[in-house]
Amino acid sequence: MSDRYAARGVSSDKKEVHQAIRNLDKGLYPKAFCKILPDVLTGSPEHALIMHADTAGTKPILAYLYWKTTGDLSVWKHIAQDALVMNLDDMACAGMTEGFVLSSTIARNKTLIPGTVLEALIEGTAQLVEEWNALGLNIQHAGGETADVGDLVRTIDVGFTVMGRMERKQVIEIQPKDGDAVVSLASYGQTNYEDQYNSGIGCNGLTSARHDLFNKSYLREYPETYDPLISSQYLYSGKLSLTDTEPSTGIDYGRLALSPTRTYLPILKELLPIFRHQVHGIIHLTGGAHTKVLKFLKGHKVVKNQMLPVPPLFRAIQRQSGTDWKEMYTVFNMGSRMDLFMPPSAAEEFVAACRPFGLEATISGFVQASEKAEVVLETEFGTFSYTE
């Protein structure tokens, strides 16, 4: 991780967090992407519980800036989606694709975040639940907590806790095998269950994206949007304004950076019942991006030599910041936000099955036996190797 990234007080690999939780029980299936627990609700030995909590990270700060600049309240529904998908799609990696109960936690600085924003968030969440239930996801909203804690929160923090119950035979563990293909799912474009183009940004690396893209005018006008302990040289160091248009998409950079994190649940709900026994693991490329798989790669390495193209927004971030391309792939998904490991023949069928959803997918690489865990990316910008 570069000095520039660390100087902003953020970490893509969460080493300190992983160190803090290293001694905790790993649940019934230690190799699953999420912790799987016994079904203490009914005592059924055939079932398990799964619970997950996550937030939209610092993306709400960008929504705050865009709302203050343009008056557009619709961006807050996107923030609700960001926080939800960070839970739901992690759980999907463990095999859970329907039947969720969720609760929200919103902490705000009341002097800056009025009731209209809360209403947009809460109504946006209800709309998302309705839309996704129409796709068969069976989500129940249990309410939540909204707290006014201006002493703790400079603007607003948005998070969810989600719980589900599943059959143990549906659990997917991450056990890639020598010769497996890597199927990568695009984070950009527009699927047939989305109503607009998605830049692919997701919900990771937004601290860097915000400061690398946008200019010093936001530093002066909105001091509540950054940590005053950080040197000003790392704050809003780009040249762009939120409303500047990105040429190839015709969409402004603020909207592109606020593209809601895509959920893959509608696709996985349909395809996992067909491919479940051929899937040797699913990775959600969030914190750590393309290096996230490393902790699951004992005795193997992943080589990606046919990666999806890098969307315009990530190119703009690199161009504005000068960040090394090797680091870009550890901070951002760079165009693909979920990987599946499966035999090559099944991989080809899975990629074909994604097309009716309007989702671009590809066989991006392969798994190979190796003495050390390693990820090798063969990109248009060079070949990069990552180890633990």
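Our subject is the structure listed above.
Residues numbered from 1 in each chain as written. Predicted model: local features only at pLDDT ≥ 70, side-chain atom pairs only at ≥ 80, totals over all residues. Heavy atoms only, no water.

Novice: Would you take a moment to explain the overall build of the protein for this structure?
Specialist: Across its full length, the protein carries twelve helices and 14 strands. Over its C-alpha atoms the protein spans a radius of gyration of 20 Å, differing by no more than 12% from the 21 Å that the globule rule assigns to 388 residues. Taking the principal axes of the C-alpha coordinates as reference, the protein spans close to 55 × 50 × 45 Å. Evaluated residue by residue, the protein yields a buried proportion of 56% over its 388 residues. (Helix = DSSP H or I, 4+ residues; strand = E, 2+ residues; numbered from the N terminus. Rg over C-alpha atoms; globule rule 2.2 N^0.38 Å. Buried < 20%, exposed > 50% of the residue type's maximum accessible area, 1.4 Å probe, protein only.)

Novice: What am I meant to see in the sheet that holds strand S3 (residues 100-108) here?
Specialist: Hydrogen bonding along the main chain pairs the strands of a sheet, whether they run parallel or antiparallel. Sheet architecture is open: five strands sit in the order S1-S2-S5-S3-S4, paired in mixed fashion. With partners counted over all chains shown, the strands left at the sheet margins are strand S1 (36-38) and strand S4 (139-148), one partner each. Neighbouring strand axes in the sheet, compared pairwise and without regard to direction, differ in orientation by 20 degrees on average. Both strand S2 (residues 47-55) and strand S5 (residues 156-167) contribute to a ladder of nine bridges, which runs antiparallel. (Pairing = 2+ DSSP bridges. Axes fitted to C-alpha atoms, helices over the stretch in contact; angles between N-to-C directions.)

Novice: Would you mind showing me how to read the pattern of salt bridges here?
Specialist: Close approach of charged atoms allows side chains with opposite charge to pair. Applying the stated criterion across every chain yields a total of eleven salt bridges. For Arg 255, the salt bridge identified is with Asp 72, shortest N-O distance 2.2 Å. Highlighted residues: Arg 255 in helix H8 (residues 253-257) and Asp 72 in the loop between helix H3 (59-70) and helix H4 (75-93), separated in sequence by 183 residues. (Salt bridge = Lys/Arg side-chain N within 4 Å of Asp/Glu carboxyl O.)

Novice: What am I meant to see in the pairing of strand S11 (residues 336-342) here?
Specialist: Regular strands place side chains that alternate from one sheet face to the opposite one. For S11, the tally of buried residues reaches seven of seven residues, placing the bulk of the element in the interior. Examined bridge by bridge, strand S6 (residues 181-186) and S11 share six bridges and lie antiparallel to one another. Paired with Leu 185 across the strands is Met 338, a residue of S11. Pairing analysis gives three bridges linking strand S9 (residues 282-284) to S11, with the strands arranged antiparallel. Bridge assignment links Ile 282 to a residue of S11, and that residue is Leu 340.

Novice: What is the right way to look at the environment of Met 163 in this model?
Specialist: Mapped onto the elements of the fold, Met 163 is located in strand S5. Look at Met 163 and you get partly exposed, because its relative accessible area is 28%. Residues Met 163 and Tyr 66, spaced 97 residues apart in sequence, show a C-alpha to C-alpha distance of 32 Å. Residues within four places of Met 163 in sequence aside, it is in contact with Leu 41, Ile 50, Met 51, Met 91, Gly 99, Phe 100 and Val 101. (Contact = heavy atoms within 4.5 Å.)

Novice: So what exactly am I meant to see when it comes to the sheet that holds S11 here?
Specialist: One open sheet accounts for seven strands, arranged S9-S11-S6-S12-S10-S13-S14; its pairing is mixed. The sheet terminates laterally at S9 and strand S14 (382-387), the two strands that pair on one side only. Each adjacent strand pair in this sheet contributes to an overall mean axis angle of 20 degrees, direction not counted. Packed onto the sheet, H4 meets S9 and S11 and runs at close to 165 degrees relative to S9.

Everything listed is a geometric property; what it means functionally is a separate question.
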